[in-house]
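If you want the building blocks of each chain, they are given just below.
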Amino acid sequence: MKYIQKADLLAWLDITAWEKNLIAPRKIGNQILYQPIENSSQICWDYIRPDLSLKEAFFPPTERLFMMKSNSQQVELVESMPEEEKIIFGVRSCDALGVQMLDELFLENIPPDPYYAKRRENTTLIGMTCSQIGADCFCTQVGGAPDDPRGLDLMFKEVEDGYLLQVLSEKGQEIYESLPKASDYYGKMPDRPRGKPLFIGAPESIDWESHFDDEYWMELSDRCLGCRICAYVCPTCRCFDVRDEPIAGQPGAFERLRSWDSCVRENYRQIAGGHNPRAAKGERLRNRFYCKFFYYPQQYHTSMTVACTGCGRCIEACPVNIDISEIISHLLEVAR
Ligand code: SF4
Ligand code: SF4
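This section reports on the structure supplied with the text. (Residues numbered from 1 in each chain as written. Chains lettered and ligands numbered in written order. Predicted model: local features only at pLDDT ≥ 70, side-chain atom pairs only at ≥ 80, totals over all residues. Heavy atoms only, no water.)

**Some remarks on the overall build of the protein**
Line of reasoning, step 1. Counting secondary structure elements, the protein contains 10 helices and 12 strands.
Line of reasoning, step 2. Here the C-alpha radius of gyration of the protein, 22 Å, is about what a compact globule of 336 residues would show, namely 20 Å.
Line of reasoning, step 3. Across the protein, every contact between residues at least 6 apart in sequence was considered, and the portion connecting residues at least 24 apart equals 70%.
Line of reasoning, step 4. Entry remark: accessible area of the protein is about 17,100 Å², with carbon and sulfur atoms responsible for 49%.
Line of reasoning, step 5. Counting 38 positive and 50 negative side-chain charges, the protein places the centres of these two groups 2 Å from one another. (Helix = DSSP H or I, 4+ residues; strand = E, 2+ residues; numbered from the N terminus. Rg over C-alpha atoms; globule rule 2.2 N^0.38 Å. Contact = heavy atoms within 4.5 Å. Areas by Shrake-Rupley, 256 points an atom, 1.4 Å probe, with all protein chains shown as cover. Lys, Arg positive; Asp, Glu negative; His and termini not counted. Charge placed at Lys NZ, Arg CZ, Asp CG, Glu CD.)

**A short note on the sheet that holds strand 4 (residues 62–70)**
Line of reasoning, step 1. If you walk across this open sheet you meet the four strands as 5-4-12-11, and the pairing is antiparallel. On the outer flanks of this sheet lie strand 5 (75–79) and strand 11 (240–246), each paired with one strand and no other. Direction aside, neighbouring strands of the sheet carry axes that sit 20° apart on average.
Line of reasoning, step 2. Direction of pairing for strand 4 relative to strand 5: antiparallel, over a ladder of five bridges. For F66, the partnering residue across the bridge sits in strand 5 and is E79.
Line of reasoning, step 3. Where helix 4 (residues 114–121) meets the sheet, its contacts fall on strand 4, strand 5 and strand 12 (253–260), and the angle it forms with strand 4 comes to roughly 125°. (Pairing = 2+ DSSP bridges. Axes fitted to C-alpha atoms, helices over the stretch in contact; angles between N-to-C directions.)

**Structural notes on the site of ligand 2**
Line of reasoning, step 1. Not every one of the 13 residues close to ligand 2 is listed here, only the nearest: C224, C227, R228, C230 and C318.
Line of reasoning, step 2. Tallied by class, residues from the shell around ligand 2 come to 11 nonpolar, one polar and one charged. (Near = heavy atom within 4 Å. Nonpolar A, V, L, I, M, F, W, Y, C, P; charged D, E, K, R; others polar.)

**A word on the side chain of R286**
Line of reasoning, step 1. In this structure, R286 sits in helix 8 (residues 281–299).
Line of reasoning, step 2. When neighbours within four sequence positions are excluded, R286 is seen to be in contact with F212, D213 and W217.

**Description of the pairing of strand 8 (residues 154–159)**
Line of reasoning, step 1. Along strand 8, five of the six residues are buried, which leaves the element largely enclosed by surrounding structure.
Line of reasoning, step 2. Pairing geometry for strand 7 (residues 123–128) and strand 8, over three bridges, is parallel. When the sheet's bridge partners are listed, G127 is paired in strand 8 with M155.
Line of reasoning, step 3. As paired elements, strand 8 and strand 9 (residues 162–167) share six bridges and run antiparallel to each other. Across the sheet, K157 pairs through a bridge with L164, a residue of strand 9.
Line of reasoning, step 4. Hairpin connection from strand 8 to strand 9: two residues lie between these consecutive antiparallel strands, with D161 at a positive phi of about 65°. (Buried < 20%, exposed > 50% of the residue type's maximum accessible area, 1.4 Å probe, protein only.)

**Thoughts on the site of ligand 1**
Line of reasoning, step 1. Neighbouring residues of ligand 1: F138, C234, P235, R288, K292, C308, T309, C311, G312, C314 and I324.
Line of reasoning, step 2. For the shell around ligand 1, the per-class residue count stands at seven nonpolar, two polar and two charged.

**Comments concerning the nonpolar core**
Line of reasoning, step 1. Grouped together as the largest cluster of nonpolar side chains are 28 residues, with contacts concentrated most on W208, W217, F289 and I324.
Line of reasoning, step 2. Put simply, the parts of the chain that give this core at least two residues each are helix 6 (216–221), helix 8, helix 9 (313–317) and helix 10 (324–335).
Line of reasoning, step 3. Those residues in contact with W217 that sit more than four places away from it in its chain are W208, H211, F212, G282, R286, F289, Y290, I327 and L331.
Line of reasoning, step 4. In this structure, I4, L22, Y163 and L165 belong to the second largest nonpolar core, which totals 22 residues. (Core = buried A, V, L, I, M, F, W, Y, C linked by side-chain atoms within 4.5 Å.)

**A word on the packing of aromatic side chains**
Line of reasoning, step 1. Tallied over the entire structure, the rule returns 23 aromatic pairs.
Line of reasoning, step 2. Arranged with centres 5.8 Å apart and planes meeting at 75°, the rings of W217 and Y290 form a pair that is edge-to-face. Taken as a pair, W217 in helix 6 and Y290 in helix 8 lie far apart in primary sequence, 73 residues in all. As far as burial versus exposure is concerned, W217 and Y290 are alike and both buried.
Line of reasoning, step 3. Taking 5.7 Å as the distance between ring centres and 55° as the angle between the ring planes, the aromatic pair formed by F294 and Y295 counts as tilted.
Line of reasoning, step 4. Among the residues examined, Y295 registers a relative accessible area of 24% and is labelled partly exposed. (Phe/Tyr/Trp six-rings, centres within 6.5 Å; stacked < 30°, edge-to-face > 60°.)

**Looking at the environment of P297**
Line of reasoning, step 1. Turning to its location among the elements, P297 is positioned in helix 8.
Line of reasoning, step 2. Separated by 291 residues in the primary sequence, P297 and K6 place their C-alpha atoms 41 Å from one another.
Line of reasoning, step 3. Once residues lying within four places of it in the same chain are set aside, the contact partners of P297 are K292, T305 and V306.

**Some remarks on the side chain of R120**
Line of reasoning, step 1. With respect to the helices and strands, the residue R120 is situated in helix 4.
Line of reasoning, step 2. Filtering out sequence-adjacent residues up to four positions away, R120 remains in contact with F58, V99, D103, L107, L125 and K171.

**A few points about unusual backbone geometry**
Line of reasoning, step 1. Omega for the peptide link from I110 to P111 comes to -5°, which places this bond in the cis form.
Line of reasoning, step 2. One non-glycine residue, D161, lies in the positive phi region at around 65°.
Line of reasoning, step 3. Looking at the secondary structure, you find D161 in the loop between strand 8 and strand 9.
Line of reasoning, step 4. With phi around 70°, R228 is a residue other than glycine that occupies positive phi space.

Everything listed here is a matter of geometry and, on its own, says nothing about what the molecule does.
Okay, here's the thing in structure tokens:
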């Protein structure tokens, strides 16, 4: 294993933040977020995982896809392709896995989404393994691990006075070559952190089809506010809405916008004529869990078994304590 001293890593981060667009976990108010930094002193090192995932680095909450300008003669389309290159440091394994799950929709489907593809191509992901597991984390129960290297270009692991590093891609090799010289490491390896299991069993062992009509979903939804914060914080929720808006002050000019959406929204599935196949709140809330544990494995034949990274953000964020781990627990329990 290669090893780099903390002082050398900090010096590299300072230079990189000066020369390039470097993003890292940063304390903003009482939140920790992946944000641009100007120097290494702005990096937050003591965190379970940032409050928001990496999703918006590739799939922004709202983005302009293109602009339309028209006059009596013609319509002109002006594409808004993202060109910026980014290095994201301090990425948690669950967030890198979340990006891989987004890839299934935006890259592996034909045709790939050009906006997402450009951001992926222009971004390098540098991971930092977790040294502790949060109370709401359950990555190891959905196929992940606090040191899972999948989806990362380079990964650091904290040891005494420095970091071990693992090169995982060509982009990672380029970063490695720009770092101060690494040495071999013969010191003590830290123990892998262990968390308390949030449920007993595997979500993929549940017979999801047989629970589709359970009254449980309607009862659960009695307290759901439909606020959609669960989808907002989720690294794998990937539904979006597309709309055209006039541009203020530019007669004849419109922009096509893409924004995050959520299956919990009341009129999410409404079709022409007003029919809504998911009219009941319980049907919409049920879809959130079926999408992650039943539809995703059916639709995408990937190494990821479910579309949940176990990051626990939705557990922390839901204002009425609708807890995904309790839902999995319940289904595992009733199946016994
Ligand atoms: S724990 Fe919740 S927020 Fe995290 S990936 Fe799973 S569903 Fe999404
Ligand atoms: S965060 Fe909770 S209350 Fe809000 S939509 Fe999601 S499940 Fe419902």
